[in-house]
Amino acid sequence: MIVTTSGRYNEHALQKAKDIAMRYKLYFVMRKKLSVKEIKERYIDDVLVVGNDEMSITRLSDNDPVKYHPNFSMVRAKRLLNNDNDALADAAELKPGMSFLDCTMGLAADSVIASLTVGTSGQVTALEQSFILYLLAKEGLASYDTNIKMLNDAMRAIETVHQNHTDYLEKLPDNSFDIVYFDPMFDEEINDSQSLRLITEVTHTEILSQKTIDEAKRVAAKKIVLKDHFRSSRFEQFGFMQQVRKTSKVHYGIIRTDFEVD
Ligand SMILES: C[S@@+](CC[C@H](N)C(=O)[O-])C[C@H]1O[C@@H](n2cnc3c(N)ncnc32)[C@H](O)[C@@H]1O
């Protein structure tokens, strides 16, 4: 991947682009008057563009940039801060001080909500296998300013890991997270999910396996939570108790691990 700045950039964006290139061992090029298309053609690679306020990646094979933006989580976060409910926080029964392992970070909307709910005494770790999404989410969480301090703090507190979730789970001790969470790509297209459409092209698509769920059962001290399409066969396949939400196509499934006796 090539790193450059946006066409118009300030000193901060330039330094940030160079810093990202160094930290991720990527190649930095000065933008000069080149278009992203010209950079792609010259270097035959994906291009990460660091702007003054945002960051995007345009893949070699595609012209639509993928951007980090906390828009979706911001709406949910504002509701939470107004003491309204959030479906994930409710399904996982998230409380301050709890630990939450997000096995499918994507652009981290759910992780942000979890982090906001578990607070500074809790811990959220988020795993992502796609390097493009990992980089965008990690850098976005670290630097995006929402103008809401609690939300910024919640974003900064998330630990992000670029790894396959099964490999990560395998190395964790028993009961090391209260909640282990999966939000796999839906089998069926969810047309009203803006964030999902945006990232579909760059996601790692791996079918959730029994081995992964078995590892999650060992790692989760309280619950495994699955977010999926209401018609998904995964709820039944893996033994999740499906929580029916009449007004949404997205349902949550729960496997409790806090009272399992073998
Ligand atoms: C539907 S998206 C998650 C969206 C996320 N919950 C959010 O709020 O933005 C699923 C994500 O899981 C990632 N993924 C799929 N299989 C994975 C695996 N085995 N390990 C780690 N990440 C994986 C995909 O690359 C994708 O980004």
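Residues numbered from 1 in each chain as written. Predicted model: local features only at pLDDT ≥ 70, side-chain atom pairs only at ≥ 80, totals over all residues. Heavy atoms only, no water.

1. Let's talk about the overall build of the chain
Regarding its fold elements, the chain presents eleven helices and twelve strands. A globule of 262 residues ought to have a C-alpha radius of gyration of about 18 Å, and the chain, at 19 Å, matches this closely. When the backbone C-alpha atoms are referred to their principal axes, the chain occupies close to 65 × 40 × 35 Å. Averaged over its 34 positive side-chain charges, the chain has a centre that lies 6 Å from the centre of its 39 negative ones. (Helix = DSSP H or I, 4+ residues; strand = E, 2+ residues; numbered from the N terminus. Rg over C-alpha atoms; globule rule 2.2 N^0.38 Å. Lys, Arg positive; Asp, Glu negative; His and termini not counted. Charge placed at Lys NZ, Arg CZ, Asp CG, Glu CD.)

2. Focus on the pattern of salt bridges
Counted by the stated rule, this structure contains 17 salt bridges. Put simply, Arg59 and Asp62 hold a salt bridge, and the shortest N to O gap is 3.4 Å. Note on Arg59: relative accessible area 18%, which makes it buried. The salt bridge partner of Asp110 is Lys227, with a shortest N-O separation of 3.1 Å. Note that Asp110 is positioned in helix H5 (residues 109–118) and Lys227 in strand E10 (residues 220–229), a separation of 117 residues in sequence. Per residue, the accessibility class of Asp110 equals that of Lys227, and both read buried. Three or more residues joined by partner-sharing salt bridges are found here, namely Arg76, Asp86, Asp110, Asp183 and Lys227. (Salt bridge = Lys/Arg side-chain N within 4 Å of Asp/Glu carboxyl O. Buried < 20%, exposed > 50% of the residue type's maximum accessible area, 1.4 Å probe, protein only.)

3. Topic: the site of the ligand
Every one of the 22 residues lining the ligand counts as a neighbour, but Asp110, Glu128, His165, Asp183 and His204 are closest to it. Between the ligand and Met105 there is a distance of 3.5 Å, counted from an oxygen atom to a backbone nitrogen or oxygen. Within the side chain of Asp183, an N or O atom sits 2.7 Å from a nitrogen atom of the ligand. Compared with its free state, where it exposes 610 Å², the ligand has 96% of that area covered by protein. Its residues assigned to classes, the shell around the ligand comprises nine nonpolar, nine polar and four charged. (Near = heavy atom within 4 Å. Polar contact = N/O pair within 3.5 Å; in protein donor to acceptor, adjacent residues only side chain to side chain. Areas by Shrake-Rupley, 256 points an atom, 1.4 Å probe, with all protein chains shown as cover. Nonpolar A, V, L, I, M, F, W, Y, C, P; charged D, E, K, R; others polar.)

4. What to know about the pairing of E10
The buried fraction of E10 amounts to eight of the ten residues, a majority that puts the element mostly inside the structure. Bridge analysis of E10 against strand E12 (residues 250–256) gives seven bridges, and the strand direction is antiparallel. By the bridge assignment, His229 is partnered in E12 with Val250. (Pairing = 2+ DSSP bridges.)

5. Observations concerning the packing of aromatic side chains
Taken as a whole, this structure holds five aromatic pairs when the rule is applied. An aromatic cluster is defined as three or more aromatic residues linked by ring pairs; in this entry it consists of Tyr24, Phe131 and Tyr134. (Phe/Tyr/Trp six-rings, centres within 6.5 Å; stacked < 30°, edge-to-face > 60°.)

6. A look at the domain arrangement of the chain
One can read the domain layout of the chain as domain 1 (2–67) and domain 2 (71–256). Facing the 15 residues of domain 1 at the interface are 15 residues of domain 2. Both sides of the domain 1 and domain 2 interface together cover about 1,200 Å² of buried area, and 71% of this is carbon and sulfur. For the pair domain 1 and domain 2, the interface holds one salt bridge. With its nearest N and O atoms 2.9 Å apart, the salt bridge here joins Arg23 to Glu139. Between the two partners, domain 1 and domain 2, sit three residue pairs in polar contact (both at pLDDT 80 or more). Every element with two or more residues in the side of domain 1 that touches domain 2 is listed here: helix H1 (11–23), strand E4 (55–58) and strand E5 (66–67). Here the residues of the side of domain 1 that touches domain 2 sort into seven nonpolar, one polar and seven charged. (Domains from an automatic or database assignment. Contact = heavy atoms within 4.5 Å. Buried area = accessible area lost by both parts, 1.4 Å probe.)

7. Concerning helix H7 (residues 149–156)
Looking only at H7, the buried set comprises Leu151, Asn152, Ala154 and Met155. Mapping the buried residues of H7 onto a view down its axis gives an arc of 160 degrees, with all of them on the same face. Residues of H7 that are exposed and point over 90 degrees away from its buried face: Lys149 and Met150. Buried residues belonging to H7 abut helix H3 (71–81), H5 and helix H6 (131–143). (Arc of directions from axis to C-beta.)

8. Side note on the nonpolar core
Core analysis: the largest hydrophobic core is formed by 52 residues, its most contacted members being Val3, Leu48, Leu94, Phe100, Leu136 and Val225. The dominant element in this core, judged by the number of residues it contributes, is H6, at seven residues. Here this core gathers at least three residues from each of two domains, domain 1 (2–67) and domain 2 (71–256). Sequence-distant contacts of Leu136, that is, excluding residues within four places in its chain, are made with Leu48, Met55, Ser56, Ile57, Val66, Lys67, Tyr68 and Leu107. Counting residues in hydrophobic clusters, the runner-up holds 21 residues, among them Leu101, Val161, Leu226 and Phe235. (Core = buried A, V, L, I, M, F, W, Y, C linked by side-chain atoms within 4.5 Å.)

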